Amino acid sequence: MSNSVYEALTPQTLGERLGKLDVLTEYLGTDISTWSVKEVGDGNLNLVFIVESASGSVIVKQALPYVRLVGDSWPLPLSRAFFEYHALKRQALRDPGSVPEIYHFDEEQALIIMEFLTPHIILRHDLMSATRHETLAEVLGNFVARTLFRGSDLSMNAAERKQDVALFAGNDKLCDITENLIFNDPYFDAEMNRHTTPHLDGVVSELRADMDLKVEVQHLKSIFCANAETMLHGDLHTGSVMVTPSDVKVIDPEFALYGPMGFDVGMLLANFYMAYFAQPGHIADAEGCTDYQAWILQVCEDIWQHFVSEFSHLWRTERTGILYPASLYEDQGHHLASEQALTQMLSKIWQDMLGFCGVEMHRRILGLAHIAELDTIEDETLRAQCETKALLFGRHLIKNRHALGAPADLSRLALVME
Ligand code: ADP
Ligand code: MG
Ligand code: MG
């Protein structure tokens, strides 16, 4: 069906339309009457089908020509499937085993056929049922370090890098969503915004009247728009991570773009901090709640530590790109200069990361796309209390990002707010 005109799949048409694809019959067998197809998309944008038979299973993800969350009044290009496919390919090379295996891509139909991760569940759900994961911080810290480092000028050669930047520049409509929904809308009364009202009205007015905050956020937006430092995942929240007790995988990089190093890790940590503030809405027993919150803060600290440690390791062993060449440093015995440049780069990533972290917390409480950890708290007064803490914590990170020292300081700040 590769050259046919785009048409959205349905559970009823999928078998008939894809039943002749070798890649599918290889996993599922040729008798399409034995295939079961279920649409499970719970995201904001796309269709996701689980296709199973007695012999195997796959995921079929197809882009829709509009934003699923809003409907066909908001068109969105099918090409996002192309960028998701290319991002997944690069992530698989840069951090093997971190993403689902891709079996097939059909550009015309905007569909990706990939490994069905099972019995994995979305990390966000585990963060609402007090589940702990041993390897989570290490896998996620390494994922960001490896994908950020290996997708940057620290690793790639000039031609490869420039061509890749040009390729991903085509994902402009998805970038435009990030630029507007994350960096603008939360800070004024934008049409698609929503927040817990009237409970949050006071704090929302306070944030929107905070001129320093609004200037800082546009500084962050300018860092986001003008710094094509590396290929980012672009939507690295805890709904883009799937887990079992022993495995962690990252999915859904359709927002992939070249942007600043601090963005992915900032977005990721923001989602953990929001889960932290949401816990009183999920765990009634005070001691159990505090224990689990302490685990979340430890995960945040550990993600950053693993990120720093792996990024530093790659800096010292894999700097094959066009920046900070070994010929200027190590080859001349200037090892301290090399370490100095690394420390400065990490410090810059840390500061950007804190800003992006704060902005992500704001937009998930004030903007269009919210998160289940907060949205599912039925008691609105309790939900608003959790959200208020997250909003103020986010503002603190944005405004103090040049002064805050280490991940343990963030844990202390979070505890101070209790
Ligand atoms: P969207 O871009 O619309 O957010 P996602 O890629 O996040 O779509 O997928 C939506 C949901 O489909 C996920 O939350 C997850 O439950 C399921 N899903 C997606 N990819 C896989 C996969 N490879 N294996 C298992 N489930 C998946
Ligand atoms: Mg998603
Ligand atoms: Mg998505």
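Everything in this summary refers to the structure shown in the same document. (Residues numbered from 1 in each chain as written. Chains lettered and ligands numbered in written order. Predicted model: local features only at pLDDT ≥ 70, side-chain atom pairs only at ≥ 80, totals over all residues. Heavy atoms only, no water.)

1. Quick word on the pattern of salt bridges
- With the rule as written, the count across this model stands at 25 salt bridges.
- In this structure, R363 engages E360 in a salt bridge whose closest nitrogen and oxygen atoms are separated by 2.9 Å. Within this pair, R363 and its partner E360 are both found in helix α12 (residues 335-366), separated by three residues, close to a single helical turn.
- A residue is classified by how much of its surface remains accessible, and E360, at 1% relative accessible area, is buried.
- When salt bridges that share partners are traced, they join E206, D210, R395 and K399 into one network. (Salt bridge = Lys/Arg side-chain N within 4 Å of Asp/Glu carboxyl O. Helix = DSSP H or I, 4+ residues; strand = E, 2+ residues; numbered from the N terminus. Buried < 20%, exposed > 50% of the residue type's maximum accessible area, 1.4 Å probe, protein only.)

2. Examining the site of ligand 1
- Neighbouring ligand 1 are 17 residues, the closest being D42, N46, K61, L117 and E254.
- Within the side chain of N46, a nitrogen or oxygen atom sits 2.7 Å from an oxygen atom of ligand 1.
- A distance of 2.9 Å is found between a nitrogen atom of ligand 1 and a backbone nitrogen or oxygen belonging to E115.
- In isolation ligand 1 offers 550 Å² of accessible surface; the protein chains occlude 92% of this area.
- Most atoms of ligand 1, that is more than half of them, are within 2 Å of grid points of the largest pocket.
- Those elements that provide at least two residues to the shell around ligand 1 are β2 (46-53), β3 (56-63) and β7 (111-115). (Near = heavy atom within 4 Å. Polar contact = N/O pair within 3.5 Å; in protein donor to acceptor, adjacent residues only side chain to side chain. Areas by Shrake-Rupley, 256 points an atom, 1.4 Å probe, with all protein chains shown as cover. 1 Å grid on protein atoms, 1.4 Å probe; cavity = no way out; pocket = protein on both sides within 12 Å on 5 of 7 lines; lining within 4 Å. Sits in = over half its atoms within 2 Å of the grid points.)

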